[in-house]
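Structural characterization, general
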Amino acid sequence: MRTQEVTTSPIVITLEEGQKGTRVSLSGQEEIRDFVSRTLDNPERIALDIFITVPSFDSITVPVKSKRLKRIRVGYHPERIRVVLDLRGPRIPQFTTRPTARGIVILLGSESARGDEKNLLGPGDEEQGKKIVEQPSSQGRNVPPGDQGEEAIRHTFKVISVSERLTEDEIRGDPEEAALLRKGIKAYKARDWSGAIGLLRRLIEKYPHGKLTERAYFLLAKSYGRLYSDSPSSRFRELEEHYKRAINRFPKSIYVAAALLDLGNLYLENKNYYEAVGYYNLVVKRRMKSIEALRALLQKARILRVKRRMDEALSVLTQATERYPDLPEKTEAEVELSKILYEINSFSRSIKILTDIIARDPRNIYRYPEISLYLGYNYAQVGDHVKARNYLFRYYNCFPESKQSPLVLTQIGDNYRDDGLISKAVKFYTLVLKRYPDTEAAVISRLRLAEEQEQGNLDRKTSEMIGSSLQVYKSVLDHPPGENGKSPLAQLAMLKLAMLHKKNGEYEKSLRTLKLLLKRNIPVALKGQAEHAVKELSLIHI
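Rules behind the numbers
- Residues numbered from 1 in each chain as written.
- Predicted model: local features only at pLDDT ≥ 70, side-chain atom pairs only at ≥ 80, totals over all residues.
- Heavy atoms only, no water.
- Helix = DSSP H or I, 4+ residues; strand = E, 2+ residues; numbered from the N terminus.
- Buried < 20%, exposed > 50% of the residue type's maximum accessible area, 1.4 Å probe, protein only.
- Contact = heavy atoms within 4.5 Å.
- Areas by Shrake-Rupley, 256 points an atom, 1.4 Å probe, with all protein chains shown as cover.
- Expected span 1.5 Å × (residues − 1).
- Arc of directions from axis to C-beta.
- Salt bridge = Lys/Arg side-chain N within 4 Å of Asp/Glu carboxyl O.
- 1 Å grid on protein atoms, 1.4 Å probe; cavity = no way out; pocket = protein on both sides within 12 Å on 5 of 7 lines; lining within 4 Å.
- Points joined across faces, edges and corners; volume = space filled by probe spheres on them.
- Nonpolar A, V, L, I, M, F, W, Y, C, P; charged D, E, K, R; others polar.
- Core = buried A, V, L, I, M, F, W, Y, C linked by side-chain atoms within 4.5 Å.
- Axes fitted to C-alpha atoms, helices over the stretch in contact; angles between N-to-C directions.
- Left-handed = near helix turned anticlockwise from the far one by under 90°.
- Pairing = 2+ DSSP bridges.

The secondary structure content of the protein chain amounts to 23 helices and ten strands. Scored against the burial criterion, the 542 residues of the protein chain give a buried share of 51%. The long-range fraction of contacts in the protein chain, counting pairs at least 24 apart against all pairs at least 6 apart in sequence, stands at 53%. When the accessible surface of the protein chain is summed, it comes to about 27700 Å², and 48% of that surface belongs to carbon and sulfur atoms.

Right, here's the structure in full:
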């Protein structure tokens, strides 16, 4: 085994390369107790946030000699250190992250970290290795957020994860049949979906009435779902058929609930909300005491939110938090609750839920990025622009590649503008135009800059970049971001254009534009402004 000491300050990182995997050990001068791990895509990497307080230091990037790692990066953040493992290859390998008496150990396996620990352990770690194999923790495994399984339960009724049972390593049955299923599961865990499909189909063909055929059918459907996860809508009928074939063949199987949940998600992806809700209801009815039931409730609430049935969504989420109080998914449900409360203008209640989540465990602010986002949005609505900016900056700095990031920068600009800090606001609007030119946030920023231009608050360089206010408003109307000009931004541009015509003494153009705007289904606030402007124009002799 080859050992490399990667860095010695502020923490010691040691890398050990074995035949079946890579072991990364972290230790520091202080005891490392609290940490959170997550996987990140494009490029693939594993990130660990270690919650210890150390003096500020410059970021460290060290290339390493490893089959699985390109480099290890260590960065300083207030009250935490972030360690990033940049991976080789297109896939994130199976891995476990475990606390030890000396710090943290991350085990990366070429195919499966679990089961390979004995080949990666250093001297004196044999007993710790046995504990890892016998009692694997969900923390740090490469699973979707909220997919922690049974070990998260501490109180209330025993809750199971049907999906986890589907890929359990314990397999009993005919040796040859068991070997095929074991290989299929191994391929599935390694994200080799095509390999898993081939092995599971072979098992079903060779043992049509075998003891393990039931499990193979459901895992086969799930493998197809993962294989086509990038474009499920284009493979809708094929995927639907795989799930229904498994359900119809084994209607009393414990795995039916997981398949029903996947079917609901498939219909949701295809925007068939009615069918999706039907399947989610079946999951809850079929296996109430399962993690799949909780996830079904969460998905149902999200659909109700999209359909603007807010009272029903709040009821479903309240049911979820009360029925499953000790699962990590409860926090996810609370975050969804806070989002709905924000959308129905219950800002103080939304803030309380989010701050309670942080108070319960400060690490939640890193586990659930939308906490920062919606605290920023809520504080902006109640007029606390400093807190709003702090949370929005936190969100953007942690997730600059998020789809929400352009709108977050625009919101920060709006907060500065509301505080009268126009020059700072202009800088953020300009940044959005340069960094995200083809987004809705860019349209908003351009409209904001046009308004400031009318007030004489832009320098010549910025004015030349956006053109005249008249050009900006007409451009938004000629190329509206929504369908058929129904976008609120196009309607806002029309109102601004009418007001600009009025300001320039072009009363007929202004009145014509306002009447055209009032014929449309526009927000109440815009309608009030337009009607007031029409009354003012009626007093002017045109």
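As a further point, take helix H15 (residues 385–398). Look at H15: 20 Å from first C-alpha to last across 14 residues, which is about the 20 Å you get at 1.5 Å a residue. Those residues of H15 lying buried are His385, Ala388, Arg389, Leu392, Tyr395 and Tyr396. Projection of H15 onto a plane perpendicular to its axis shows the buried side chains occupying an angular sector of 130°, all on one side. Against helix H14 (370–381), helix H16 (405–418) and helix H17 (422–435) lie the buried residues of H15.

Take the pattern of salt bridges next. Enumeration according to the criterion identifies 32 salt bridges in this entry. In this structure, the salt-bridge partner of Asp356 is Lys352, at a minimum N-O distance of 2.8 Å. Of this pair, Asp356 and Lys352 both sit in helix H12 (residues 347–360), four residues apart, which is roughly one turn of that helix. Given the relative accessible area of 52%, Lys352 is considered exposed. Residue Arg460 is joined to Glu464 by a salt bridge in which the shortest nitrogen-to-oxygen separation is 3.8 Å. With Arg460 and Glu464 both in helix H19 (residues 460–466), this residue pair falls four residues apart, about one helical turn. Comparing Arg460 with Glu464, the two get one shared label, exposed. One continuous salt-bridge network, built from bridges that share partners, spans Arg302, Arg305, Arg308, Glu332, Glu336, Lys339, Glu343 and Glu370.

To continue, consider the layout of surface pockets. Approximately 860 Å³ is the volume found for the second largest pocket. Lining the second largest pocket are 22 residues, and of these Asp414, Glu440, Ile444, Arg448 and Leu489 sit closest to its centre. Broken down by secondary-structure element, the contributors of at least two residues to the lining of the second largest pocket are helix H11 (328–343), H14, H16, helix H18 (440–454) and helix H21 (488–503). Take the lining of the second largest pocket: its biggest share by element is six residues, from H16. Its residues assigned to classes, the lining of the second largest pocket comprises nine nonpolar, five polar and eight charged.

The next subject is unusual backbone geometry. A positive phi is found at Lys271, a non-glycine position, where the angle reads about 60°. Structurally, the position occupied by Lys271 is in the loop between helix H7 (256–269) and helix H8 (273–286). Residue classification places Lys271 among the exposed residues on the basis of a relative accessible area of 61%. Unusually for a residue other than glycine, Asn345 sits at a positive phi of about 70°. By the secondary structure assignment, Asn345 is in the loop between H11 and H12. Residue classification places Asn345 among the exposed residues on the basis of a relative accessible area of 55%.

So, on to the nonpolar core. Within the largest apolar cluster, 66 residues are counted, with the highest numbers of intra-cluster contacts made by Leu181, Phe218, Ile247, Leu263 and Leu317. If one sorts the elements of this core by residue count, helix H9 (residues 291–306) sits on top with nine residues. If we ignore the near neighbours within four places in the chain, the residues touching Leu263 are Glu240, Tyr243, Lys244, Ile247 and Tyr279. Ile365, Ala442, Leu500 and Ile522 belong to the second-largest nonpolar core, a separate cluster that totals 62 residues.

Inspection of the entire model under this criterion finds two cavities of 30 Å³ or more. Space inside the largest cavity adds up to approximately 60 Å³. Contributing elements (two or more residues each) for the lining of the largest cavity: helix H13 (364–367) and H15. Looking at the lining of the largest cavity element by element, the count peaks at three residues for H15. Grouping the constituent residues of the lining of the largest cavity by class yields six nonpolar, one polar and four charged.

Taking 1.5 Å of rise per residue, the 15 residues of H18 would be expected to cover 21 Å, and the 22 Å separating its terminal C-alpha atoms lies within 8% of that figure. Within H18, twelve of the 15 residues are buried, leaving the element largely enclosed by the surrounding structure. Where H18 is concerned, the buried positions are Ala441, Ala442, Val443, Ile444, Ser445, Leu447, Arg448, Leu449, Ala450, Glu451, Glu452 and Gln453. Residues of H18 that are buried make contact with H16, H17, H19, helix H20 (469–478) and H21.

Quick look at the environment of Pro208 now. For Pro208, the location among the structural elements is in the loop between helix H4 (193–206) and helix H5 (213–227). Those residues in contact with Pro208, other than ones at most four positions away along the chain, are Thr213 and Arg249.

With that out of the way, let us pick up the packing of H17 against H18. Where H17 contacts H18, the two axes come as close as 9 Å, and the packing angle between them is 140°. Considering only the axes of H17 and H18, their crossing is left-handed. Together, Ile422, Val426, Tyr429, Thr430, Val432 and Leu433 of H17 and Ala441, Ala442, Ser445, Arg446, Arg448, Leu449 and Glu452 of H18 make up the contact between the two elements. For the contact of H17 with H18, the class distribution of residues is eight nonpolar, two polar and three charged.

Burial within strand S5 (residues 45–50) is extensive, with six of its six residues counted as buried. Taking every second residue as pointing to the same face, both faces of S5 are buried, with Arg45, Ala47 and Asp49 on one and Ile46, Leu48 and Ile50 on the other. Pairing of strand S4 (residues 35–40) with S5 involves six bridges; the strand directions are antiparallel. Bridge assignment links Thr39 to a residue of S5, and that residue is Ile46. Pairing of S5 with strand S8 (residues 80–87) involves six bridges; the strand directions are antiparallel. Bridge pairing in S8 links Leu48 to Val83.

Fair warning: the whole summary comes from geometry, so function is off the table for now.
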